[in-house]
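Structural characterization, general
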Amino acid sequence: MGKIAIFTDDPGWHGKQLQLAFAERGYQSDFTSLTGCRLRIAPGELPVLIPKFEQALPDAVFVRGVPGGSLEEVVLYLDMLHALKTLNIPVYNDGHAIERSVDKGMTSFLLHHAGLPTPLTWVLRDREEALAIAERELNDGHLLISKPLFGSQGEGIRRLEKMTDLLWLTGSRGVYYLQRFVECSGDGYCDHRVFVINGRAVAAMQRRGKFWLNNVARGASCEHVPLNAALADLAVKSAAALAMDYAGVDIIEDRAGQYTIIEVNSIPAWKGLQSVCDVNIAALLADDLIIRCIKQQ
């Protein structure tokens, strides 16, 4: 029986779904944390030690979470992923893909560099310049979003609507990430989450938020939507721009009816999407990892 390590500190529903999907395909999977991994540089020894896999490295690793921490700690966790890939252990998604998507500034740059529609964005350190940009945007009638460079599920995101909001403008550890707010079409607040696996859009939903943040973790409702060609194409190209095995791509249809890519997630949740679509996402992920990444090595 093959063995797969699932990196996570909170297996929850997603971990159980993956574990079941791998078991149905003849693979044992164990939950383990990157916090317990270490390098051991010694002749004749395994160079990467993973809790529960001390005697032999797994056939592959599925990354369901990278813990936060100091810069040194996060670099160490990513080093583990890079080292495993160097040892020809499939890492799904790999460290480079996670680095690109966890850093919102690099995500914005790579999407723009690939010629994909994404909001006007500024990433900088100088507070006075950040304030000048925000003031100019507000004077021109545009709302702004201020985000931490690193983060997920809407944590730390603020919308700047009026000049007095600038009094509370703070950087994330000295870095300002400002993005022009995109007004969605129709009433209220909504966007699309498209799930991409191995260059194919497999499912989509519309998330409708109770306010301008549309995260399911913040109470947004989910509704299945058909995958039209334009939506699928943008999602697939977004995942390719960040070199991801799988991704959750967030796309807004603006007031002019044009699609704009807001975010690309390398460790996306899919519980909300699974509740409204008729494909088994965990099964598709397991199939892709096993067939493409393990058996074709």
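Treat the numbers as computed from the prediction; the structure is a model and nothing was measured. (Residues numbered from 1 in each chain as written. Predicted model: local features only at pLDDT ≥ 70, side-chain atom pairs only at ≥ 80, totals over all residues. Heavy atoms only, no water.)

Right, let's get into the pairing of strand 8 (residues 144-147). Judged by which residues are buried, strand 8 turns out to be covered on both faces: Leu-144 and Ser-146 on one side and Ile-145 and Lys-147 on the other are all buried. Where strand 8 meets strand 9 (residues 158-160), 3 bridges bridge the pair, whose relative direction is antiparallel. In the strand pairing of strand 9, Ile-145 is matched with Arg-159. Pairing of strand 8 with strand 10 (residues 176-180), which is carried by 4 bridges, proceeds in the antiparallel orientation. Counterpart to Ser-146 in the pairing with strand 10 is Leu-178. (Buried < 20%, exposed > 50% of the residue type's maximum accessible area, 1.4 Å probe, protein only. Helix = DSSP H or I, 4+ residues; strand = E, 2+ residues; numbered from the N terminus. Pairing = 2+ DSSP bridges.)

Let us now look at helix 2 (residues 71-86). Along its 16 residues, helix 2 runs 22 Å from first to last C-alpha, staying within 8% of the 22 Å computed at 1.5 Å per residue. Those residues of helix 2 that sit buried are Tyr-77, Leu-78, Met-80, Leu-81, His-82, Ala-83 and Leu-84. Residues of helix 2 that are buried in the fold lie against strand 1 (2-7), strand 3 (38-39), strand 4 (48-49), strand 5 (60-63), strand 6 (91-92) and helix 3 (95-102). Looking one or two places after helix 2, you find Asn-88, whose phi comes out positive at around 65°. (Expected span 1.5 Å × (residues − 1). Contact = heavy atoms within 4.5 Å.)

So, on to the packing of helix 2 against helix 3. Where helix 2 meets helix 3, the closest approach of the two axes is 8 Å, and the angle between their N-to-C directions is 145°. Taking contact as the criterion, the partners of Leu-78, Leu-81 and His-82 in helix 2 are, on helix 3, Gly-95, His-96, Ile-98 and Glu-99. When grouped by side-chain class, the residues that make up the contact of helix 2 with helix 3 number 3 nonpolar, 3 polar and 1 charged. (Axes fitted to C-alpha atoms, helices over the stretch in contact; angles between N-to-C directions. Nonpolar A, V, L, I, M, F, W, Y, C, P; charged D, E, K, R; others polar.)

To continue, consider the sheet that holds strand 7 (residues 121-124). Taken together, 4 strands build an open sheet; the order of strands is 7-10-8-9 and the sheet is antiparallel. Strands with a single pairing partner mark the edges of an open sheet, and in this sheet they are strand 7 and strand 9. For this sheet, the mean angle separating the axes of adjacent strands, direction not counted, is 25°. Each of strand 7, strand 8 and strand 10 touches helix 4 (residues 104-113); the most contacted strand, strand 10, lies at about 45° to it. Along the sheet, helix 5 (residues 127-139) makes contact with strand 7, strand 8, strand 9 and strand 10, crossing strand 7 at roughly 165°.

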